[in-house]
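Fold and geometry: a report
Spelled out, the chains give:
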Amino acid sequence: MSSTSSVQQTIEMFKRGDLSPVEVVRDSLDRIDEINPVINAIYEVDREGALLAAAASERRWRAGAPIGPLDGIPITVKDALATKGMVTYRGSAADPGHVAEADHPTVSRVREAGSIVVGKSTMCDYGILASGVSSRFGVTRNPRNPKWNTGASSSGAAASVAAGIEPVTIGTDIVGSIRIPASYCGLVGLKPSQGRVPYYFPNHPALVAGPIARNVVDAAHLLNVLARPDRSDFSALPPAHVDFTKELEEFDPATLRILVINDLGLGAKTSPAVKSALVKAEGFFRAAGASVERTAAPPFDAQDMADIELHYMVRCVAELLKVPEEQQKLSPFIYSWTKPGREYSAVQYQESWNAIQRLRDRAYKLAGEADFIILPSTADTAFAAERFAPEGQSPFSLWSTTCLFNFTEQPAISLPLGADTEGKPIGVQIVGKRFDDLGILKAAYFLEKKSFAPSPHIE
């Protein structure tokens, strides 16, 4: 199997008997052996279990009886997602780690669909850094160039897909951790509407799981699997009853209203290269007949970001306080960043939460009559792999393009649209109306067909 083969291509080869799941899983494991010492994306490998599962899948395909739409497809699972029999650390050296006794709902869905878990992927400390640096795992590097950062807590997941270890994977996103790694690694990353993908535990009003893939069709294919019902999640939406892959072509841009925003005003400033990519995206939609408008000025400011940061800081304090203080210091950046959060009163925290609800209302009304918002996935392209943030910027400022749409519960997708002068991928983000996951997949598929030219991973 080519390391850039899509899910659809691989499944078709299984059907014809031109390829075996055992071959595919062996290729995936070989790719881990070859590339993981460079990129540090995988921290645990289940070689024996994966090969046994691949042999069972091979028998099913030979009998013409695959158990699901991912039968025989290798996948890794992010550290944050419980995977039965495998250890999770929340990305932090302060966390002692524990072996999961049951699968997270997303892991259950991919297993039911026949996918084969080959290992666990790295993440940053507590999922709160827009960087691939972890006190537990060290630096996860970008397969496009190992000098570049992978960005945010789905860093190992995105690096694994970009490196050809797997064609698709599951990301999680509470501030932007699907979209930022997808942007830096030149991939498609979908944050679905809140509740579209069952998630348990702990649930949070801004936390979702969704696909990271090399193309929109594969992302839609994985969403079909992830969005299936799970009784454990009391917050999940009713099933969508739609095949997200089959309706991608049914799209008429001429009927659309689109709002383009260069800069939300919350943090990091948008670079000229990213602005140029937005102009390109806007041009594709205009040429197809869409009505496009632009905001005159950034609609938010630094105080809005301060309220958001306080919420996540206190959330992180609650995690750290589960272990003794000396152990907390094993996650030095998080220990230092959360110090102010230890002093806030419950009243102050509630006031900040009320401020976020007002911000949520403003953000949701931002689109007005527009069907979609187009804006940067990241304000700039990837920075140095070893850093928490670019020189002169606070790490939390890097969430400036993504975090609002976690609180509004709207679907948002990042897809690659060219590169800067250094060859670093540029991600463009499309935000849709709440619950319209199919709509943003269609819009992204339209834009991908117009523009997508994947960068090669390192060999």
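All values derive from a computational prediction rather than experimental measurement. (Residues numbered from 1 in each chain as written. Predicted model: local features only at pLDDT ≥ 70, side-chain atom pairs only at ≥ 80, totals over all residues. Heavy atoms only, no water.)

In this section: a nonpolar patch on the surface. A surface patch of nonpolar side chains, about 400 Å² in accessible area, is lined by Tyr200, Phe201 and Phe234. Within the element layout of this structure, tyrosine 200 appears in the loop between β11 (188-191) and β12 (208-213). Assessed through its relative accessible area of 37%, tyrosine 200 is described here as partly exposed. (Patch = residues over 30% accessible without salt bridge, like charges linked within 9 Å, V, L, I, M, F, W, Y side chains within 5 Å. Areas by Shrake-Rupley, 256 points an atom, 1.4 Å probe, with all protein chains shown as cover. Salt bridge = Lys/Arg side-chain N within 4 Å of Asp/Glu carboxyl O. Helix = DSSP H or I, 4+ residues; strand = E, 2+ residues; numbered from the N terminus. Buried < 20%, exposed > 50% of the residue type's maximum accessible area, 1.4 Å probe, protein only.)

The subject of this paragraph is the layout of surface pockets. Taken as a whole, the largest pocket holds about 770 Å³ of empty space. Surrounding the largest pocket, 32 residues form its lining, Ala80, Arg90, Phe201, Pro202 and Glu319 being those nearest its centre. Considered class by class, the residues forming the lining of the largest pocket number 16 nonpolar, nine polar and seven charged. (1 Å grid on protein atoms, 1.4 Å probe; cavity = no way out; pocket = protein on both sides within 12 Å on 5 of 7 lines; lining within 4 Å. Points joined across faces, edges and corners; volume = space filled by probe spheres on them. Nonpolar A, V, L, I, M, F, W, Y, C, P; charged D, E, K, R; others polar.)

Attention now goes to empty space enclosed by the protein. Considering all chains together, one arrives at two cavities of 30 Å³ or more under this definition. By volume, the largest cavity amounts to about 70 Å³. Along the walls of the largest cavity sit Ser193, Gln194, Gly195, Arg196, Val197, Tyr199, Asn203, His204, Leu207, Val208, Asp233 and Ser235, which together make up its complete lining. Looking at side-chain class alone, the lining of the largest cavity contains four nonpolar, six polar and two charged residues. Approximately 50 Å³ is the volume found for the second largest cavity. Per-class residue counts for the lining of the second largest cavity are five nonpolar, five polar and one charged.

Once that is clear, we can look at the pattern of salt bridges. Across all of its chains, the model carries 25 salt bridges by this definition. Among the ionic pairs, glutamate 249 bridges to lysine 449, the shortest N-O distance being 3.1 Å. Linking glutamate 249 in the loop between α7 (216-226) and β13 (257-260) with lysine 449 in helix α14 (residues 437-451), this pair joins segments that are 200 residues apart in sequence. Take glutamate 249: its relative accessible area is 51%, and that puts it in the exposed class.

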